[in-house]
Amino acid sequence: MSASGRASRLTLRFLALGYLAALLAVPVAMVFYKTFEGGIGPAFDAVTTPSAQHAFWLTCLMVAIAVPLNTVFGIGLALALVRGRWRGKTLVSAIVDLPFAISPVVVGLALILVYGNAGWIGTWFAENGIRVIFSTPGMVLATIFVSLPFVVREVVPVLREIGVEQEDAARTLGASPAQTFRRITLPAIRWGVAYGVILTTARALGEFGAVAVVSGKIEGQTETLTLFVEQRFQAFDLAGAYAASVVLALLALAVIGTMTLLDRRKEA
Amino acid sequence: MAIDVRNVSKSFNGFQAIEDVTLHVPDGLLTALLGPSGGGKSTLLRVIAGLERPDAGEVLFSGQAVTDLPAQERGVGFVFQHYAAFKHMTVRDNIAFGLKIRKRPKNEVRERVDELLALVHLGGWAGRYPAQLSGGQRQRMALARALAVQPRVLLLDEPFGALDATVRKELRDWLRKLHDEVHVTTIFVTHDQEEALEVAQQVAVINEGRIEQTGTPDDLYERPANPFVMGFVGPVSRLGETWVRPHDIEILEDAEDGAQQALVERVARVGFEVRVETVLGDGTPVPILVTRQQADELELTAGQIVWLRVHRAREFAPS
């Protein structure tokens, strides 16, 4: 290896690490640093106010509804897209990617158009006394919408990769379609599902734009953790904003940790 | 259990995979479906297994129609070319799969799996995962898995196609012996004529979605129904309108009645046989197979003029 070769290799490495540090590691570390600058006490106080607690539980609720629904739907649709023989697959596959393509703010506005008091489905809900927009149902819809493609997109390539041979073998050995799915297909795609669930959860936890538009941002009522962070920030309560951000980050880490543990246990 | 396929057709997106196929597989026999790739033999096997639904025709097991029965209710054992091993299960769990689905008592499952592990010589490998096995071991595991549920018929789709030559030969002999012990009606798909003729008791030659001929290996080799079968099951030399096996041509040093003059172009000694490439006066190449002894007696060399006498030549009516 020549000296110039080594130099360019080191430069490249320095650039890559510098890029990561400047854009990811340093800002995240700063948030943690700022949060615990004054010790754990003030940070703890900032995230245990009634509106902070409400925001925490509302975010958990969004995740608890959106993630299971999108996981079941995602696996089902991935199976239909890969294994099914039907017309319009390309179109459906493209529609699934819409949430990637459309800005979350537009998603929020679109939901208001349909489910708002003047919208065509919204009118029906309003007549039956159900409030969708500026309320939890609308926020759940927005969260589901923006986090929809992840499980499908992670599972489709894995299904393609494993092929149908193992499933055919299970069938000839007497397994019903349900048994084949549970004992053969699901274990084979579990890494794809796990990764899809992590991404879906991360997206549901962190969603801001769409939820901000449909929620009306009513403190203590329709405020998720991300909205709470922004609201604290706007109110010049930087400590509260930082502390809530740390809670968000810890939630995401907890999800990744749980998935890893679950999978390890299954393998053992 | 005898199997009957009656007038079965199947197409995929406009491609006719098999067309009006009728086949009788006698009880207890080892039958080969032989033919070139893409000829429809795998499709026929999958129709018998219930993995594909025929567009037309019927499949009967012991005289009973099973055409509408899904694969999981047909009681077949199926072995795939690429093993279809359940990658997330150990060898033991792979073999036990069908028994567990049938909810057999745990003791019975363990005993049966132990028996099968011994039968396929994988006794020490029960706790391994398929990724830790060689191709030959994986295919033996797949066979044990198929046999575990005591299938009424064993179906093998190019079972040795992905293995190297030595292992293929070994497994082929082993399958033959296994069949002598277990006596289950067996159908296997292959494109290797040597494999089919050596292992099977009955061979059906399939080409372009149709059965060209069904018979014993001897029938096909000695009494082929058409030029395709003759050419597919063994080597062929053509002299005008007659077709002849290269080992049925006798080489003479002197002119004789009915013998044709030819020029020796090349003499290749391959093991115990000698391949002699000759050309007739009109330029037709005629490959001939002789034994080493015959070649030595004739002192065959390139450039020599010889006379050819044809034994057991065949002429086929134009189709």
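What you see is a predicted model; the values in this text were computed from it and never measured.

Colleague: What is the right way to read the overall build of chain A from this model?
Modeller: Helices and strands together make up the secondary structure of chain A, namely 14 helices and zero strands. When the elements of chain A are put in sequence order from the N terminus, they spell out α-α-α-α-α-α-α-α-α-α-α-α-α-α. In terms of principal-axis extent, the alpha carbons of chain A reach across some 75 × 65 × 35 Å. Relative to its 268 residues, chain A shows a buried fraction of 38%. Of the contacts formed within chain A by residues at least 6 apart in sequence, a portion of 72% connects residues at least 24 apart. Accessible surface, chain A as shown: approximately 14700 Å² in total, 70% of it carbon and sulfur.

Colleague: Explanation requested: the pairing of strand β8 (residues 185-190) of chain B in the structure shown.
Modeller: One face of the sheet, then the other: side chains in a regular strand alternate in exactly this way. Residues and elements named next belong to chain B. Extensive coverage of β8 is indicated by the burial of six of its six residues. Going residue by residue along β8, you find Thr185, Ile187 and Val189 tucked away on one face and Thr186, Phe188 and Thr190 tucked away on the opposite face as well. Note: strand β7 (residues 153-157) against β8, five bridges, orientation parallel. Bridge assignment links Val153 to a residue of β8, and that residue is Thr185. Viewed along the sheet, the connection from β7 through helix α5 (residues 165-182) into β8 turns out right-handed.

Colleague: How should I be thinking about the layout of surface pockets in this particular structure?
Modeller: A probe as big as a water molecule, rolled over the atoms, marks out the empty space that is left. One number sums up the size of the second largest pocket: a volume of about 590 Å³. Considering the residues around the second largest pocket, the lining is formed by 19 residues, among which Arg85(A), Asp168(A), Arg171(A), Leu51(B) and Glu52(B) are closest to the centre. Looking at the lining of the second largest pocket, the elements with two or more residues in it are α3 (50-83) and α10 (165-172) of chain A. The element best represented in the lining of the second largest pocket is α10(A), accounting for four residues. Across the lining of the second largest pocket, the residue classes break down as five nonpolar, two polar and twelve charged.

Colleague: Honestly, the sheet that holds strand β13 (residues 249-252) of chain B in this entry has me stumped. Any pointers?
Modeller: Note on sheets: strands pair through backbone hydrogen bonds, and any given pair is parallel or antiparallel. All names here are of chain B. Pairing is antiparallel in the open sheet, where five strands are placed in the order β13-β17-β14-β15-β16. Strands with a single pairing partner mark the edges of an open sheet, and in this sheet they are β13 and β16 (285-291). Adjacent strand axes in the sheet meet at a mean angle of 45° when their direction is disregarded. Relative to strand β17 (residues 305-310), β13 runs antiparallel, the two being bridged by four bridges. Across the sheet, Leu252 pairs through a bridge with Trp307, a residue of β17.

Colleague: I would appreciate a short explanation of helix α8 (residues 136-146) of chain A in the present structure.
Modeller: Residues lying three or four places apart along an α-helix face the same way, a consequence of the helix completing one turn every 3.6 residues. Considered for burial, the residues of α8(A) that qualify are Gly138(A), Met139(A), Val140(A), Ala142(A), Thr143(A), Ile144(A) and Val146(A). Next to the buried residues of α8(A) lie α3, α5 (98-101), α6 (104-115), α9 (149-162), α11 (177-206) and α12 (209-215) of chain A.

Colleague: Before we go on, may I ask you to explain the pairing of strand β4 (residues 56-61) of chain B in this structure?
Modeller: Residue and element names in this part refer to chain B. Where strand β1 (residues 3-12) meets β4, five bridges bridge the pair, whose relative direction is antiparallel. Among the inter-strand pairings, Arg6 is bridged to a residue of β4, identified as Glu58. As paired elements, β4 and strand β5 (residues 64-65) share two bridges and run antiparallel to each other. The residue of β5 that forms the bridge with Leu60 is Ala65.

Colleague: Would you mind showing me how to read the packing of aromatic side chains here?
Modeller: Each aromatic ring pair is specified by the distance between its two centres and by the angle formed by the two planes. The final tally for this structure, using the stated rule, is eight aromatic pairs over all chains. The lysine or arginine in question, Arg145(B), covers the ring of Phe86(B), its NZ or CZ lying 4.3 Å from the ring centre.

Colleague: Would you mind going over the interface of chain A and chain B with me for this structure?
Modeller: Think of interface size as the accessible area that goes away when the parts come together; that is how it is often given. Taken together, the contact between chain A and chain B spans 18 residues of the former and 27 residues of the latter. For the pair chain A and chain B, the two sides together bury roughly 1900 Å², of which 58% comes from carbon and sulfur. When residues of chain A are sorted by the area they lose upon contact with chain B, Glu165(A), Thr172(A) and Leu173(A) head the list and together hold 36% of the total. Our enumeration of links across chain A and chain B arrives at one salt bridge. Measuring nitrogen to oxygen at the nearest pair gives 2.9 Å for the salt bridge that ties Asp168(A) to Arg46(B). Counting residues per element, the ones that place at least two in the side of chain A that touches chain B are α10 and α11 of chain A. Split by residue class, the side of chain A that touches chain B holds seven nonpolar, five polar and six charged.

Colleague: Would you explain the sheet that holds β5(B) in this entry?
Modeller: Taken in spatial order, the four strands make up an open sheet running β2-β1-β4-β5 (chain B), and their pairing is antiparallel. Here the strands that pair on one side only, and so sit at the sheet edges, are β2 (15-25) and β5 of chain B.

Colleague: Can you walk me through the pattern of salt bridges in this structure?
Modeller: One side chain can pair with another of opposite charge once the charged atoms of both are near each other. All names here are of chain B. Within this structure, the stated rule accounts for 32 salt bridges over all chains. Residues Asp55 and Lys10 are paired through a salt bridge, measuring 4.0 Å at the closest nitrogen-oxygen approach. Note that Asp55 is positioned in the loop between α1 (41-49) and β4 and Lys10 in strand β1, a separation of 45 residues in sequence. For Asp55, a relative accessible area of 48% translates into the label partly exposed. On the accessibility criterion, Lys10 (8% relative accessible area) is buried. Residue Glu198 is joined to Lys169 by a salt bridge in which the shortest nitrogen-to-oxygen separation is 3.4 Å. Taken together, the residues Glu198 in helix α6 (residues 193-199) and Lys169 in helix α5 connect sequence positions 29 residues apart. A relative accessible area of 33% places Glu198 in the partly exposed class. Assessed through its relative accessible area of 37%, Lys169 is described here as partly exposed. Counted as one network, the salt bridges with shared partners bring together Lys169, Arg172, Asp173, Asp192, Glu194, Glu195 and Glu198.

Colleague: Looking at this structure, I do not really get the nonpolar core. What am I missing?
Modeller: Note on soluble globular proteins: their nonpolar side chains tend to be buried together. Residues and elements named next belong to chain B. Ranked by internal contacts, the top residues of the largest apolar core, which has 45 residues, are Ile95 and Val203. Looking at which element gives the most residues to this core, the answer is helix α4 (residues 135-148), with seven residues. Sequence-distant contacts of Ile95, that is, excluding residues within four places in its chain, are made with Val113, Leu116, Leu117, Met141, Ala144, Arg145 and Ala148. In this structure, Ile3, Leu44, Ala84 and Ile206 belong to the second largest nonpolar core, which totals 39 residues.

Colleague: What am I meant to see in the domain arrangement of chain A here?
Modeller: All names here are of chain A. Segmentation of chain A into domains returns domain 1 (1-36) and domain 2 (41-267). If you look at the interface, domain 1 gives five residues, while domain 2 gives six residues. With both chains or domains summed, domain 1 and domain 2 bury close to 520 Å², and 90% of this area falls on carbon and sulfur atoms. One can count zero salt bridges joining domain 1 with domain 2. Split into classes, the residues belonging to the side of domain 1 that touches domain 2 amount to three nonpolar, one polar and one charged.

Reading guide: rules and limits
- Residues numbered from 1 in each chain as written.
- Chains lettered and ligands numbered in written order.
- Predicted model: local features only at pLDDT ≥ 70, side-chain atom pairs only at ≥ 80, totals over all residues.
- Heavy atoms only, no water.
- Helix = DSSP H or I, 4+ residues; strand = E, 2+ residues; numbered from the N terminus.
- Buried < 20%, exposed > 50% of the residue type's maximum accessible area, 1.4 Å probe, protein only.
- Contact = heavy atoms within 4.5 Å.
- Areas by Shrake-Rupley, 256 points an atom, 1.4 Å probe, with all protein chains shown as cover.
- Pairing = 2+ DSSP bridges.
- Right-handed = clockwise from strand over helix to strand, strands pointing away.
- 1 Å grid on protein atoms, 1.4 Å probe; cavity = no way out; pocket = protein on both sides within 12 Å on 5 of 7 lines; lining within 4 Å.
- Points joined across faces, edges and corners; volume = space filled by probe spheres on them.
- Nonpolar A, V, L, I, M, F, W, Y, C, P; charged D, E, K, R; others polar.
- Axes fitted to C-alpha atoms, helices over the stretch in contact; angles between N-to-C directions.
- Phe/Tyr/Trp six-rings, centres within 6.5 Å; stacked < 30°, edge-to-face > 60°.
- Lys NZ or Arg CZ within 6 Å of the ring centre and 35° of its normal.
- Buried area = accessible area lost by both parts, 1.4 Å probe.
- Salt bridge = Lys/Arg side-chain N within 4 Å of Asp/Glu carboxyl O.
- Core = buried A, V, L, I, M, F, W, Y, C linked by side-chain atoms within 4.5 Å.
- Domains from an automatic or database assignment.

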